[in-house]
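This is what each chain is made of:
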Amino acid sequence: MPLRLVFMGTPDFAVPTLAAIVTRGHDVAAVFTRAPQPAGRGMGLRPSPVEREARRVGIAAVLTPSTLRSAEAQDALRAHRVDAAVVVAYGLILPRPVLDAPRFGCFNLHASALPRWRGAAPINRAIMAGDAETGVVVMRMLEGLDTGPVAMAARIAIGPDMTAGELHDELARRGADLMVGALDALEHGSLELTPQPEEGVTYAAKVDKSETRIDWTRPWKAVHDHCRGLSPYPGAWFELPDCSASPARVKVLRTTRGEGAATPGTVIDDKLTVACGDSAVRILELQRAGRQPMGAKEFLRGTPLAVGTRLS
C-alpha cells in the first residue's frame, strides 16, 4: 500500500525527488516549502521550484510557514496524519514535535557521504576541498545537524573538472532514485538504519561572500577547485584592472590546468591562462555582471587582456 507523505523542500535540488515519489504512486498529502519571494525587475512574487512542481503534479495543499516552531505549523502537519515526511533542502529547522509527528519519522536526502560534510553547503565544500568522490544519503532525522542513522547511500565520483552545478544535478537525480528505494523498503517493512560513524565528521558551512574572491597566490589546484566549487553560484571572481572608480567583477565558471609561470594573477598567454602560486589555470568560461556566460575566446574579443596584465 502506498505511503501517505508530507514533502518538505524548496530549491531545484528537491524537485526530482518530489517528482519521483509522486510517479511512484505515493500519496503526497501536502508540501511544505518557502514562501514566494520577490524576483525580477517588477519584483513580483515567484514561488519556489518545489511549489511550482507541486502545482504541476496537482498537489493542492502547499504550505509556506516561516517557522515550524509555532503550534499552528505543527498542528497543520499533524492534521495530515502521514506515515513519513520526506525532507530535501527545505531550509527550516525541524523541531522535535515535527520530527515525531509522522508515524515512521522524517527522512532527509543529504548531498554528501555522511559523516563527511554535514551542514548547509556539502556540494560546494566537497569540490573546494578537492575531494575525489562524494555521495548522497537518505537518513532518518534526529535533532542534531545531519546526525541521523543512514537508510541508504550511494557514492559518486567527482571528475577533475566537474563543477558544483554539474555535481548538484547528478546528486539530485541519484538522490531521487535513492529516496524512492528507501520509501519502498519502508513501505514493505524492510528498511534498515545504520548509525553514522563517529570518525570522519566534517562540516560544510554556508559559503560566505568573503570566500568567493580568487586568491591567485594559492597553488593552481586550489584555485581550480575554488572556481569549480563555486560555479555557477555564487561564483568565484576577480576584478578587471583599470576600470575607473567602480571595479568590474568577473565570475570564473570553468577552468582547467594551464602551463607556465609568472607573478600570481598575471595573464601569461592569449588563451586566458593565469599564473597561480605554482603553475597556472586556464580560464575556459566566465561571466561579467549582467551578461550571459561566455567562453574565454568570446570574452577576450570584447575585453582584451594583454599578456602581462595583472588580475586582482
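Before reading on, note that the structure itself is shown above.
What counts and what doesn't
Position numbers for residues start from 1 in each chain and track the written sequence from start to end. Local features in a predicted model are, by the rule used here, given only for residues with pLDDT of at least 70; side-chain atom pairs are given and counted only at 80 or more, and totals for whole chains, interfaces and linings are based on all residues. Side-chain measures were taken over the full set of non-hydrogen atoms in the model, leaving aside hydrogen atoms and water. Helix numbering and strand numbering both begin at the N terminus, where a helix is a DSSP run of H or I of at least 4 residues and a strand a DSSP run of E of at least 2. When a residue's accessible area, from a 1.4 Å probe over protein chains only, is under 20% of the maximum for its type it is buried; when over 50% it is exposed; and in between it is partly exposed. The contact rule is simple, with two residues in contact once any of their heavy atoms fall within 4.5 Å. Here the accessible surface of atoms and residues is derived via Shrake-Rupley with a 1.4 Å probe, and residues count as covered only by protein chains that are part of the display. Asp and Glu are treated as the negative residues and Lys and Arg as the positive ones, with His and the ends of the chain left uncounted. Working definition for charges: the position is that of NZ of Lys, CZ of Arg, CG of Asp or CD of Glu. By convention a nonpolar core is built from buried Ala, Val, Leu, Ile, Met, Phe, Trp, Tyr and Cys residues, the set being connected through side-chain atoms within 4.5 Å. The pairing test for Phe, Tyr and Trp rings, Trp by its six-membered ring, is centres within 6.5 Å, and the orientation test on the planes gives stacked under 30 degrees, edge-to-face over 60, and tilted for anything in between. Sitting over a ring, as applied to charges here, requires NZ of Lys or CZ of Arg to be within 6 Å of the ring centre and within 35 degrees of the ring normal. In this description, a line fitted to the C-alpha atoms serves as the axis of each element, helices being fitted only across the stretch in contact, and the angle between N-to-C directions of two axes falls anywhere from 0 to 180 degrees. Left-handed describes a crossing in which the near helix is turned anticlockwise from the far one by less than a right angle; the clockwise case is right-handed. Amino acid classes used here: Ala, Val, Leu, Ile, Met, Phe, Trp, Tyr, Cys and Pro are nonpolar; Asp, Glu, Lys and Arg are charged; the rest, including Gly, are polar. A pair of strands counts as paired when DSSP detects no fewer than two bridges linking them. Identification of polar contacts relies on pairs of N or O atoms within 3.5 Å, with a donor-acceptor requirement for protein atoms, meaning one able to donate a hydrogen and the other able to accept it, and with residues adjacent in sequence counted only if both atoms are side-chain atoms. In this scheme, roughly parallel covers angles under 35 degrees and roughly antiparallel covers those over 145, while 65 to 115 is roughly perpendicular and the rest are oblique. Salt bridges, as used here, are contacts in which a Lys or Arg side-chain nitrogen is within 4 Å of a carboxyl oxygen on Asp or Glu.

S.K.: I keep staring at the overall build of the chain and nothing clicks. Help me out?
M.R.: Each helix and strand counted, the chain has eight helices and 16 strands in total. Summarising its shape, the C-alpha atoms of the chain cover approximately 65 × 50 × 30 Å along the three principal directions. Across the 312 residues that make up the chain, the buried fraction comes to 49%. Long-range pairs, those at least 24 residues apart, make up 64% of the contacts in the chain with a sequence separation of at least 6. Roughly 15,200 Å² of accessible area belongs to the chain as shown, and the carbon and sulfur atoms make up 51% of that amount. Separation between the mean location of the 37 positive side-chain charges and that of the 34 negative ones in the chain comes to 5 Å.

S.K.: Quick question: what am I supposed to make of the nonpolar core here?
M.R.: Where a protein is soluble and globular, its nonpolar side chains tend to be buried together. Among the nonpolar cores identified, the biggest contains 44 residues, and Phe7 and Ile21 are the most heavily contacted of them. With 11 residues, helix α6 (residues 164–187) is the largest single contributor of residues to this core. Among residues more than four places away in sequence, those in contact with Ile21 are Leu5, Phe7, His26, Val28, Val86, Met179, Val180 and Leu183. Core analysis: the second largest hydrophobic core is formed by 28 residues, Met128, Val252, Met294 and Leu305 among them.

S.K.: Explain the packing of aromatic side chains here, please?
M.R.: Any pair of aromatic rings gets described here by the distance separating the centres and the angle formed by the planes. Scanning all chains against the criterion turns up one aromatic pair. The ring of Trp237 carries the charged tip of Arg249 above its face, separated from the ring centre by 3.7 Å.

S.K.: Please clarify how the packing of helix α1 (residues 15–23) against α6 should be interpreted in this entry.
M.R.: Between α1 and α6, the least distance of the axes is 8 Å, while the angle of their chain directions is 35 degrees. For the pair α1 and α6, the sense of crossing is right-handed. Of α6, the residues touching α1 (which contributes Pro16, Thr17, Ala20 and Ile21) are Ala172, Gly175, Ala176, Met179, Val180 and Leu183. Grouping the constituent residues of the contact of α1 with α6 by class yields eight nonpolar, two polar and no charged.

S.K.: In this structure, what is going on with the sheet that holds strand β9 (residues 133–140)? I would like to understand it.
M.R.: The strands making up a sheet associate through hydrogen bonds between their backbones, and the pairing can be parallel or antiparallel. If you walk across this open sheet you meet the seven strands as β5-β2-β1-β6-β7-β9-β10, and the pairing is mixed. Every other strand in the sheet has two partners, leaving β5 (62–63) and β10 (150–157) as the edge strands with one partner each. Pairing of strand β2 (residues 27–32) with β5, which is carried by two bridges, proceeds in the parallel orientation. Bridge pairing in β5 places Val31 opposite Val62.

S.K.: Teacher, can you tell me more about the environment of Ala280 here?
M.R.: Within the fold, Ala280 resides in strand β15 (residues 280–288). Ala280 gets classed as buried once you look at its relative accessible area, which sits at 0%. With 89 residues separating them in the primary sequence, Ala280 and Leu191 have C-alpha atoms 49 Å apart. Setting aside residues up to four positions removed in sequence, Ala280 forms contacts with Trp220, Arg257, Gly258, Glu259, Gly260, Ile268, Thr273, Val274 and Ala275.

S.K.: How do you make sense of the pairing of strand β13 (residues 249–258) when you look at a structure like this?
M.R.: Working note: regular strand, side chains alternate between the two faces of the sheet. Summarising the sheet, strand β12 (residues 236–239) and β13 pair through four bridges and their orientation is antiparallel. Its bridge partner lying in β13, Phe238 is registered against Val250. Here β13 pairs with β15 via eight bridges, running antiparallel. Across the sheet, Arg254 pairs through a bridge with Glu285, a residue of β15.

S.K.: How should I be thinking about the side chain of Gln196 in this particular structure?
M.R.: If you trace the backbone, Gln196 turns up in the loop between α6 and β11 (203–204). For Gln196, the side chain forms a polar contact with the main-chain oxygen of Gly148, separated by 2.8 Å. Look past the residues within four positions of Gln196 in its chain and what remains in contact with it is Leu114, Pro115, Arg118, Met139, Asp146, Thr147, Gly148 and Val150.

S.K.: Any chance you could explain the packing of α1 against helix α2 (residues 49–56) here in plain terms?
M.R.: For any two helices packed against each other, the geometry comes down to the angle between their axes and how far apart the axes lie. As a packed pair, α1 and α2 sit with axes 9 Å apart at the nearest point and diverge in direction by 20 degrees. Taken together, the axes of α1 and α2 lie roughly parallel to each other. In this structure, α1 crosses over α2, and the sense of that crossing is right-handed. Residue-level contacts link Val15, Leu18 and Ala19 of α1 to Pro49, Val50, Glu53 and Ala54 of α2.

S.K.: Just checking my understanding: could you explain the pattern of salt bridges for this structure?
M.R.: Note that side chains of opposite charge can pair when their charged atoms are close. For the coordinates displayed, the defined rule picks out 18 salt bridges. With a closest N to O distance of 2.9 Å, Arg116 and Asp131 form a salt bridge. One end of the pair, Arg116, is in the loop between β7 (106–110) and β8 (118–119); the other, Asp131, is in the loop between α5 (122–128) and β9, with 15 residues separating them in the sequence. Overall, the relative accessible area of 31% leaves Arg116 in the partly exposed class. When the shortest N-O distance is used, the salt bridge between Lys221 and Asp225 registers 2.7 Å.

S.K.: Where do I start with the side chain of Asn108 in this structure?
M.R.: With respect to the helices and strands, Asn108 occurs in strand β7. Polar side-chain contacts of Asn108 include one of 2.8 Å to the backbone oxygen of Val87. Apart from the residues lying within four places of it in its own chain, the contact partners of Asn108 are Val87, Val88, Val137, Val138, Met139, Met141, Asp146 and Met179.

Everything listed here is a matter of coordinates, which is why it stays silent on function.
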